[in-house]
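The primary structure of each chain is shown beneath.
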Amino acid sequence: VVAGGGAHVVAFPFPAQGHIAPMVQLSKTLASYGIAITFIIATPHLASVRALVEDSFEGHGKIQIICFEIPPQYVNTDMHNFYDLMFYLPKNKHEVFAEIVQKLMAPQDVTAFNHHQPSPISHSSSSTIGSFWFSSPVCIISDMLLGWTQDTATKFKIPRYCLYTCAARSLSMIWHATNWVAQGLIPMPLDAAKPLQIPGFPPLSPIDLPEVYLQGNEMKFPPQRLVDYAKKHKEATGEPPGCLFWCSYQVANDALNVFLKLFVPTIFTIGPLLLTHNNKLEESKVDGIDNDCLQFLNQQPRSSVLYICFGTVFVLPTQQLNELAMGLETSGVRFLWVIRIPKGEDGNLAPEIATLIPKGFMERTKDKGLVYTSWAPQAQILAHPATGGFLTHCGWNSIMESISMGVPMITWPLYADQMLNGRFCVDVLNIAIAVDKKFKEIVGRKEVERVVQLLMQDATSNIVRKNARELKKVVRNANEPGGSSRKSLDLFVDDLNAMTLLKKLNCL
Ligand code: UDP
């Protein structure tokens, strides 16, 4: 790797936690290679970006954050406007982004730069923007859902790389949607007997598909819109120069080999960056940290605790919270349960947690469990020696984090690509067992008890546990020098530095 090539990169995530976090991880990793980053984000997300950047990372000086205003309706990403948010951000936001990039592209004056040394971590609003970096950016890295940033890149004649933050297989599935719609297979009846087939995949039944692929959903998401969505996805991910996938090659090779390699010009498999040299989470580091979750884990026997979290977007209905609580209690298994509190009737006030779960539950389970309603340090929880299982909604970040720490899972997918991710963990990687769940039906307490005991106490799950430990070794090796993710990252950094050099020589 050419160190200190002076490359400067623009990073622009989709504004949802599960997309922001990988972009921050990537930025921190690139900064540790000596690359300067301008991270662009809407104002409401500034605090969370700053926290993520500062967390266990000392190279802040290489990352500057620029924020812009965004209307409130685009901040609270509930499922109703999520699809609209993806490719259809208000047009004027495209212009704001273009304006920021344009300012960054303006050649900087060396003297001015010297007078504006960055503080360890700095941010400016788009109106007061002045680049802290001497060089103009050599490329844009933007999220898989922000394909329109390609127009900005074309306008300013710089390459745009896509960061694909979900499973590579989910991209294959989206790209196949066009054909399936043409063949009349989509929208699929809920009781369809014939599964969809993609080479290299297990057969996909209706239960494995995102809601928008199913019959009954056409009013909200008609087939033509799915085709349009797939087309935009293809443009967003398949355009040169290439796409960075949030996984290690060993985890995604079937999807990449069978399909994506045909269409994506260059593929970099760079995950999980959680494990890169600048960001290592080791079990020994976990002790003594001042957080209720970690303190609770410190008191528990090795591999005894089931960690439960359904991600950052979805809020479980109260009835489901109740059934889950009852099943947990009767299972007798130790647990650490992160609950996102639903909004109150007026849309604002959050109800008390005690009103959402069975009366007396916390008191009765206090020796065995912890209910936590704030932001939990998930990666550290998964790295903790007391954590023995993860009941997850199958968001891709959660899965990669669990794999990285060798923690076997109970899959409880809720929407979008999560069903596919769950199938993958259960049927392909064999590192998880599935909760028995039909579409949006409430999972009853008996099923909760069954699946929790099966993973945490039954000898038949030893194989799943062993496979999870083995896979952890594989992804960790991928991140070591010579491993596939490290090589991919090194190649990407080489590309950035080579482009910077060519630019300096006026060859680009
Ligand atoms: N997360 C966390 N603490 C929490 C809840 C979530 O650190 O209390 C992190 C988790 O580690 C993961 C991300 O938020 O990195 C959630 O992303 P994922 O793709 O799993 O799910 P999403 O929220 O996008 O549905």
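The shown structure was predicted, so the numbers you read here are calculated from the model rather than taken from an experiment. (Residues numbered from 1 in each chain as written. Predicted model: local features only at pLDDT ≥ 70, side-chain atom pairs only at ≥ 80, totals over all residues.)

## Overview of the site of the ligand
Just so we agree on the cut-off: Using the backbone to place each C-beta atom, any residue with that atom within 6 Å of a molecule or strand is considered near it. Helix and strand assignments come from DSSP, with helices taken as H or I runs of at least 4 residues and strands as E runs of at least 2, each series counted from the N terminus. For this classification, the nonpolar set comprises Ala, Val, Leu, Ile, Met, Phe, Trp, Tyr, Cys and Pro, the charged set comprises Asp, Glu, Lys and Arg, and every other residue, Gly included, is treated as polar.
Close to the ligand lie 17 residues, the nearest being G18, G311, Q378, G395 and S398. Secondary-structure elements contributing two or more residues to the shell around the ligand are α1 (17-32), α13 (378-383) and α14 (396-405). With 4 residues, the single largest contributor to the shell around the ligand is α14. Taken together, the residues of the shell around the ligand break down into 8 nonpolar, 8 polar and 1 charged.

## Comments concerning the packing of helix α7 (residues 168-182) against helix α8 (residues 223-238)
Rules: The axes are straight lines fitted to the C-alpha atoms, using for helices just the contacting stretch, and the angles between their N-to-C directions are given from 0 to 180°. Orientation categories follow fixed angle ranges, with anything under 35 degrees roughly parallel, anything over 145 roughly antiparallel, 65 to 115 roughly perpendicular, and all other angles oblique. A crossing counts as left-handed when the near helix is turned anticlockwise from the far one by less than a right angle, and as right-handed when that turn is clockwise. Throughout, a pair of residues is in contact if the C-beta atoms placed from their backbones lie within 7 Å.
Where α7 contacts α8, the two axes come as close as 9 Å, and the packing angle between them is 135 degrees. Between α7 and α8, the crossing angle belongs to the class labelled oblique. With respect to the hand of their crossing, α7 and α8 are arranged in left-handed fashion. When α7 is examined against α8, the residues L171, I174, W175, A177, T178 and V181 are found in contact with a partner set consisting of P223, L226, V227, A230, H233, K234 and T237. When grouped by side-chain class, the residues that make up the contact of α7 with α8 number 9 nonpolar, 3 polar and 1 charged.

## Looking at the confidence of the model for the protein chain
This is how the line gets drawn: Summary of the metric used: pLDDT quantifies the predictor's per-residue confidence within the range 0 to 100.
For the protein chain, per-residue confidence averages 84 on the pLDDT scale, and 82% of positions sit at 70 or higher. Throughout residues 77-83 the model reports pLDDT below 50, and contacts reaching past four residues in sequence, or to other chains, amount to 7 contacts.

## Description of helix α18 (residues 484-504)
Operational definition: Expected span of a helix, by definition, is 1.5 Å for each gap between consecutive residues, and there is one gap fewer than residues. Buried means a residue has 20 or more other C-beta atoms within 10 Å of its own C-beta, exposed means 12 or fewer, and partly exposed covers the counts in between; C-beta atoms are placed from the backbone.
Taking 1.5 Å of rise per residue, the 21 residues of α18 would be expected to cover 30 Å, and the 30 Å separating its terminal C-alpha atoms lies within 8% of that figure. All buried positions along α18 are accounted for by S484, S485, R486, S488, L489, F492, V493, L496, N497, M499 and T500. Two residues or fewer after α18 comes N506, characterised by a positive phi angle close to 65 degrees.

## Overview of the UniProt feature "domain: Glycosyltransferase N-terminal" (unreviewed entry) in the protein chain
Just so we agree on the cut-off: UniProt positions are given in the numbering used here, feature names are shortened, and annotations may be inferred rather than shown by experiment.
Look at the UniProt record and you will see "domain: Glycosyltransferase N-terminal" (unreviewed entry) annotated at residues 9-54. End-to-end, the C-alpha atoms of residues 9-54 are 19 Å apart, and along that stretch the chain is 54% helix and 24% strand.

## Things to note about unusual backbone geometry
In the segment running from I186 into P187, the intervening peptide bond is cis, with an omega of 0 degrees. Looking at where P187 falls in the secondary structure, it is placed in the loop between α7 and α8. For the peptide bond that leads from G271 to P272, omega is -20 degrees, which places it in the cis range. Along the polypeptide, P272 turns up in the loop between β8 (267-269) and α10 (292-298). For C394, which is not glycine, the phi torsion reads 75 degrees and is therefore positive. With respect to the helices and strands, C394 occurs in the loop between β12 (387-392) and α14.

## Considerations on the pairing of strand β9 (residues 305-309)
Note the threshold: Two strands qualify as a pair provided that DSSP identifies no fewer than 2 bridges between them.
Where burial is concerned, most of β9 is hidden: 5 out of the 5 residues are buried. Across 4 bridges, the pairing between β9 and strand β10 (residues 334-338) is parallel. Across the sheet, residue I308 finds its bridge partner in β10, namely W337.

## Some points on the environment of C67
Here C67 lies in strand β3 (residues 63-68). Classification of C67 by C-beta neighbours within 10 Å gives buried; the count is 20. Sequence spacing of C67 and L501 is 434 residues, and the spatial spacing of their C-alpha atoms is 29 Å.

## Details of the environment of R469
Along the polypeptide, R469 turns up in helix α17 (residues 462-479). C-beta crowding within 10 Å serves as the criterion here: with 14 such atoms nearby, R469 is assigned to the partly exposed category. Considered as a pair, R469 and I431 are 38 residues apart in the sequence and their alpha carbons are 8.8 Å apart.

## So, the nonpolar core
Under the convention used in this document: To define a nonpolar core, we join buried Ala, Val, Leu, Ile, Met, Phe, Trp, Tyr and Cys residues through C-beta atoms within 7 Å and take the resulting set.
With 144 residues, the main nonpolar core has V9 and Y164 as its most contacted residues. Look past the residues within four positions of V9 in its chain and what remains in contact with it is L30, I35, I37, P137, V138, C139, I141 and L496.

## Notes on the pairing of β10
As a reminder, the rule being used: Looking down the strands as they point away from the viewer, one classifies a crossover as right-handed if the path from the first strand across the helix to the second runs clockwise.
Within β10, 4 of the 5 residues are buried, which leaves the element mostly enclosed by the surrounding structure. One crossover worth recording links β9 to the parallel β10 by way of helix α11 (residues 318-331), and it is right-handed. Pairing geometry for β10 and strand β11 (residues 369-372), over 4 bridges, is parallel. By the bridge assignment for β11, L336 is matched with L370.

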